[in-house]
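Here are the chains, one letter per residue:
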Amino acid sequence: MNKPLRRIAIFCGFLILTLLIRDNWLQYVKADSLKEDPKNRRVLIARYAIPRGDIIVGGNPITGHAETTSGDFKFKRTYKDGAMWAPVTGFVSQAYGANQLESIEDGILSGTDDRLFFRNTLDMITGKDKEGGNVVTTLNAAAQKAAYAGLKKQGGKGAVAAIEPSTGKILALASFPSYDPSTIAGGSTSDEEAWKKLQKKNNPDDPMLNRALREVYPPGSTFKVVTAAAALEDGLYKTADEKTNSPDPWVMKGTTTKLPNEGNIPCENATLRVALQWSCNTVFGKIGSDLGNDKMLEEAKKFGFTEEQFTPVRTSASVFSDDMNPSQTALSSIGQFNTAATPLQMAMVASAVANDGTLMKPYMVDEVQTHNLDPLEKTTPEEMSKPLSAENAQILQSMMETVVEDGTGKKAQIEGAKVGGKTGTAQHGVENSENPYAWFISYAKLDDGSSPVAVAVVIEDDEAVRDDISGGGLAAPIAKSVMEAVIDSKK
């Protein structure tokens with residue numbers, strides 16, 4: 001080969017090598033960033049070119065799809081009873097992305113997950129159109145309906161979380177006010193207007209806030225269940241019916257401030273049972289102070305405080321502070337000061353007590369499957385922690401059952417079931433200037449000893465008459481309806 005031809009061959013070879021490097025760079029190194037680039041409409045067009053898989057509750061889809069009449073996206077998402085289910089599904093929008101299950105399980109629902117490769121390949125060979133897979137939830141439709149209806153009837157803001165204690169399955173997750181994800185699923189002018197109206201700056205009620213998972217509230221007296229657990233686990237008190245060392249009035253350690261009780265209730269040296277029955281601040285505040293910050297924090301952590309939970313939707317972390325002095329620890333131990341919890345967290349507290357001291361990890365996705373219902377992955381219940389021994393859990397159960405049978409939680413009584421509960425009315429605002437939050441946590445036990453459901457309800461009602469706000473009055477009836485719905489569904 002003469003010299004000019006050799007130079008041309010080397011140059012052509014260099015060009016080919018450059019093209020190969022560039023091609024591999026684009027396909028393997030830059031593939032993900034190009035795929036996720038918002039300017040790359042090909043990905044979005046492909047995503048909305050096929051029917052999206054469904055989110056399933058009790059064997060029935062709570063989502064669907066509809067063909068669009070304009071634009072280059074063929075399908076858009078639809079929702080059944082969208083406002084009721086929004087805290088579970090989240091939304092998926094042609095214009096605004098996705099959140100919650102719609103985002104976390106997007107690979108399955110959109111048909112792009114690697115686990116669907118075999119199914120997609122088989123459909124391609126047989127000439128079938130590609131479809132997304134399904135996400136089967138743990139939710140109980142009747143419980144969710146009862147929770148949402150109760151919140152809506154109440155009219156204020158609030159949330160409900162319900163769990164199956166033996167497995168950790170989330171049975172209900174309701175938030176009010178809510179929104180219909182169908183109204184923002186497309187990319188039209190009406191979707192844009194709906195989106196603007198839903199933003200917090202335009203809507204102080206913040207309907208897109210998932211209050212069951214993302215809002216933390218002072219739990220008030222419902223936290224006394226955690227404090228009672230700490231007292232029993234530490235051995236400070238060994239039974240429900242021995243008298244406590246609790247003067248009334250009690251002056252918080254290191255201060256001249258008396259910790260008040262609400263009304264004329266029998267709190268002086270009260271037993272744990274009587275103290276929980278009538279919600280004695282002096283008894284549980286002093287227990288927290290006597291145990292100290294470290295022991296109280298350790299017990300709160302066993303129930304899930306201070307850590308985010310992944311259900312798989314992420315929750316806000318509930319709060320119990322460290323480095324508190326004795327008076328701050330006392331206030332925190334009755335659910336005030338810095339203590340704050342999500343409704344799911346307080347449902348976890350009731351669940352652990354009902355499950356003889358074992359806290360199961362909460363989850364809401366039972367199974368993912370192909371569009372023709374072949375299972376791909378199933379969630380296995382997982383133990384999260386043991387906040388109490390079985391013996392101490394049963395002592396605490398008897399105390400919580402007294403609250404419902406002959407205390408502040410009578411409105412949660414259910415015929416044919418043993419109900420344990422705890423009311424709470426949490427201070428809110430600077431120097432308690434705003435209406436308090438009404439709480440109720442509970443569980444139900446059947447004749448066979450099983451506990452099918454534990455519930456937490458919180459109500460924030462700015463319009464209610466202040467003196468009418470109580471956990472037993474506002475929140476307990478909603479918890480009762482949710483528990484009844486779960487019990488009835490098992491008959």
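If you check an unreviewed UniProt entry, the protein chain appears there as Penicillin-binding protein from Streptomyces regalis.

Before we go on, may I ask you to explain the pairing of strand S13 (residues 365-369) in this structure?
In the case of a regular strand, side chains alternate between the two sheet surfaces. Of all 5 residues that make up S13, 5 are buried, and the element is covered over most of its length. Across 4 bridges, strand S7 (residues 134-137) lies against S13 in antiparallel orientation. The residue of S13 that forms the bridge with Val-135 is Val-368. Note that S13 and strand S14 (residues 375-378) share 3 bridges and pair antiparallel. Bridging across to S14, Gln-369 finds its partner in Pro-375.

What exactly am I supposed to notice about the environment of Ser-451 here?
Tracing the backbone through its elements, the reader meets Ser-451 in the loop between strand S17 (434-445) and strand S18 (453-460). Look at Ser-451 and you get buried, because its relative accessible area is 10%. Residues within four places of Ser-451 in sequence aside, it is in contact with Pro-165, Ala-354, Tyr-443, Ala-444 and Lys-445.

Looking at this structure, I do not really get a nonpolar patch on the surface. What am I missing?
Together, Phe-11, Phe-14 and Leu-15 line one region of the surface with nonpolar side chains, adding up to about 320 Å² of accessible area. Mapped onto the elements, Leu-15 comes out in helix H1 (residues 3-29). The exposure class assigned to Leu-15 is partly exposed, which follows from its relative accessible area of 39%.

What is the right way to read the sheet that holds strand S1 (residues 55-57) from this model?
Think of a sheet as strands paired side by side through backbone hydrogen bonds, with each pair either parallel or antiparallel. Here 5 strands make up an open sheet; going across it, the order is S2-S1-S7-S13-S14 and the pairing mixed. In this open sheet, the two strands that pair with only one neighbour each are strand S2 (60-61) and S14. Sheet topology note: the S1/S2 ladder contains 2 bridges and is antiparallel. When the sheet's bridge partners are listed, Ile-56 is paired in S2 with Pro-61.

Quick notes on the rules
Residues numbered from 1 in each chain as written. Predicted model: local features only at pLDDT ≥ 70, side-chain atom pairs only at ≥ 80, totals over all residues. Heavy atoms only, no water. Buried < 20%, exposed > 50% of the residue type's maximum accessible area, 1.4 Å probe, protein only. Helix = DSSP H or I, 4+ residues; strand = E, 2+ residues; numbered from the N terminus. Pairing = 2+ DSSP bridges. Contact = heavy atoms within 4.5 Å. Patch = residues over 30% accessible without salt bridge, like charges linked within 9 Å, V, L, I, M, F, W, Y side chains within 5 Å. Areas by Shrake-Rupley, 256 points an atom, 1.4 Å probe, with all protein chains shown as cover. Salt bridge = Lys/Arg side-chain N within 4 Å of Asp/Glu carboxyl O.

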